[in-house]
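Listed below are the residues making up each chain.
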Amino acid sequence: MSNARGKLSCPIDMIVLDLDGTLLEHGKVILPSVKRALKEVVKRDVKVTTASGRQASGRPGEDQISIFERNGLGAAAGFPHYIIADEQEIYHLTSSGYEPYARYNDEIRRAWIQAWPKARKIASAELKRLSAAGIPVRLEFSSQEEEKQRGKIILLFESLDYAKAEESFLKKLLNQEGPLTCNRHFNAVQILHYRAGKGNTVKKLSEYLGLPPSRILCIGDSTHDLSMLDGRYGFLAATISSAEEEVKQAVRACGGYVASKPRGKGILEILSKWNLLARSGEAENETGKDRCSS
């Protein structure tokens, strides 16, 4: 896959970017050099997609669309072309803004609503068990209605070690519980439908678009990104220096690339490595110009 100059020669039709910890710096800022690089990528007819646990819209300042708008991206810039929201819903950019792939989104939502009573029962039992053991834990969402709307139940832990232990426990439990699975985003352990998750949803999007998985480059940093980074669906994979160690190991294991820089600077390194930037060394030169506030 590599050529003599150290570039990766696989053609890319789409890049898929995690948001928090990857594309976004502290303060939900995207580096100016990363925006310039993504515009160059788009000019090469490469589609840009974001895959996040954030909603597409509905929470000003927190949802994906408002974050893009604040950073000068979204409808005004013409990309991202697609949004994966709540790790399971797909939205595409049209002349009137982002529109849902209604048929698929409704299908995955119905599947979750059917499985939700079982998920709620398991979550309630876990809250009781963990509290009895003196382990601090709370729910992310304030209402059961929000759980239904967001397609997941999230347990938040004060300790990363407790979150890792709960993820391991739930994975064993849910293997016996039918349509549910779990993943972890640092201290947050999520219970969701087995058809959800970033890897499944990127695969569904690739099928809609008729894109081979081998021409899709996925970039993320946390264990809830693993399903699109560990090679199970055939996507190209890359991660950044600030990623969780488990993610780095998975990316290396499937022949992917681990950047030497964090967040946006790591993305620039990855795009350069895949020969998606016009000028050699541009990524290194541009990162020195960035100034972001926390």
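Keep in mind it's a predicted model, so treat the numbers as computed, not measured.

### Some details on helix H9 (residues 263–273)
1) Next: Summarising burial for H9: nine of the eleven residues are buried, a large majority.
2) Next: Among all positions of H9, only Arg-263, Gly-264, Gly-266, Ile-267, Leu-268, Glu-269, Ile-270, Leu-271 and Ser-272 are buried.

### A look at the sheet that holds strand S11 (residues 236–239)
1) Next: Strand order in the open sheet made by the eight strands is S5-S4-S3-S2-S1-S10-S11-S12, with mixed pairing throughout. Strands with a single pairing partner mark the edges of an open sheet, and in this sheet they are strand S5 (97–100) and strand S12 (257–258).
2) Next: Across four bridges, the pairing between strand S3 (residues 82–85) and strand S4 (residues 89–94) is antiparallel. The partner of Ala-85 across the bridge, within S4, is Glu-89.
3) Next: Where helix H3 (residues 102–132) meets the sheet, it contacts S4 and S5, and its direction lies at approximately 160 degrees from that of S4.

### Considerations on the packing of aromatic side chains
1) Next: What the rule picks out here adds up to three aromatic pairs.
2) Next: Plain terms: the ring middles of Tyr-104 and Tyr-208 are 6.3 Å apart, the flat faces sit at 85 degrees to each other, and that makes the pair edge-to-face. Of this pair, Tyr-104 sits in helix H3 while Tyr-208 is found in helix H6 (residues 198–209), placing the two residues 104 residues apart along the sequence.
3) Next: In this structure Tyr-104 comes out as buried when scored by relative accessible area, which is 3%.
4) Next: Classification of Tyr-208 by relative accessible area gives partly exposed; the value is 38%.
5) Next: Geometrically, the ring pair formed by Tyr-233 and Phe-235 is tilted, given 6.0 Å between the ring centres and 45 degrees between the ring planes.
6) Next: Within the aromatic cluster, the residues linked to one another by ring pairs are Tyr-101, Tyr-104 and Tyr-208.

### Re helix H8 (residues 245–253)
1) Next: Among the residues making up H8, those that are buried are Val-247, Lys-248, Ala-250 and Val-251. End-on view of H8: buried residues confined to an arc of 165 degrees, all on one side of the axis.
2) Next: Elements that come into contact with the buried residues of H8 comprise strand S10 (216–220), helix H7 (226–229), S11 and S12.
3) Next: In the stretch just after H8, Gly-255 is the one whose phi turns positive, near 85 degrees.

### Focus on the pairing of S5
1) Next: As defined by bridge partners, S4 adjoins S5 across four bridges and the pair is classed as antiparallel. Note that in S5 the partner of Tyr-91 across the bridge is Pro-100.

### Let's talk about the pairing of S4
1) Next: Counted along the chain from S3 to the antiparallel partner S4, the turn is three residues long, and its residue Asp-86 has a positive phi close to 50 degrees.
2) Next: Here S4 folds back onto S5 in antiparallel fashion, the turn holding two residues.

### So, the sheet that holds strand S9 (residues 188–193)
1) Next: Overall, antiparallel pairing links the four strands, which are arranged S6-S7-S9-S8 in an open sheet. Both outer strands of the open sheet, strand S6 (137–139) and strand S8 (180–185), are each paired with one neighbouring strand and no more. For this sheet the average axis-to-axis angle between neighbouring strands, irrespective of direction, equals 25 degrees.
2) Next: Relative to S9, S8 is paired through six bridges, and the arrangement is antiparallel. Looking at the pairing, Arg-184 lines up with Val-189 of S9.
3) Next: Here H3 sits on the sheet in contact with S6, strand S7 (152–157), S8 and S9, set at roughly 20 degrees to S7.

The rules we used
- Residues numbered from 1 in each chain as written.
- Predicted model: local features only at pLDDT ≥ 70, side-chain atom pairs only at ≥ 80, totals over all residues.
- Heavy atoms only, no water.
- Buried < 20%, exposed > 50% of the residue type's maximum accessible area, 1.4 Å probe, protein only.
- Helix = DSSP H or I, 4+ residues; strand = E, 2+ residues; numbered from the N terminus.
- Pairing = 2+ DSSP bridges.
- Contact = heavy atoms within 4.5 Å.
- Axes fitted to C-alpha atoms, helices over the stretch in contact; angles between N-to-C directions.
- Phe/Tyr/Trp six-rings, centres within 6.5 Å; stacked < 30°, edge-to-face > 60°.
- Arc of directions from axis to C-beta.

Note that every value here comes from positions in space, so none of it alone points to a role or purpose.
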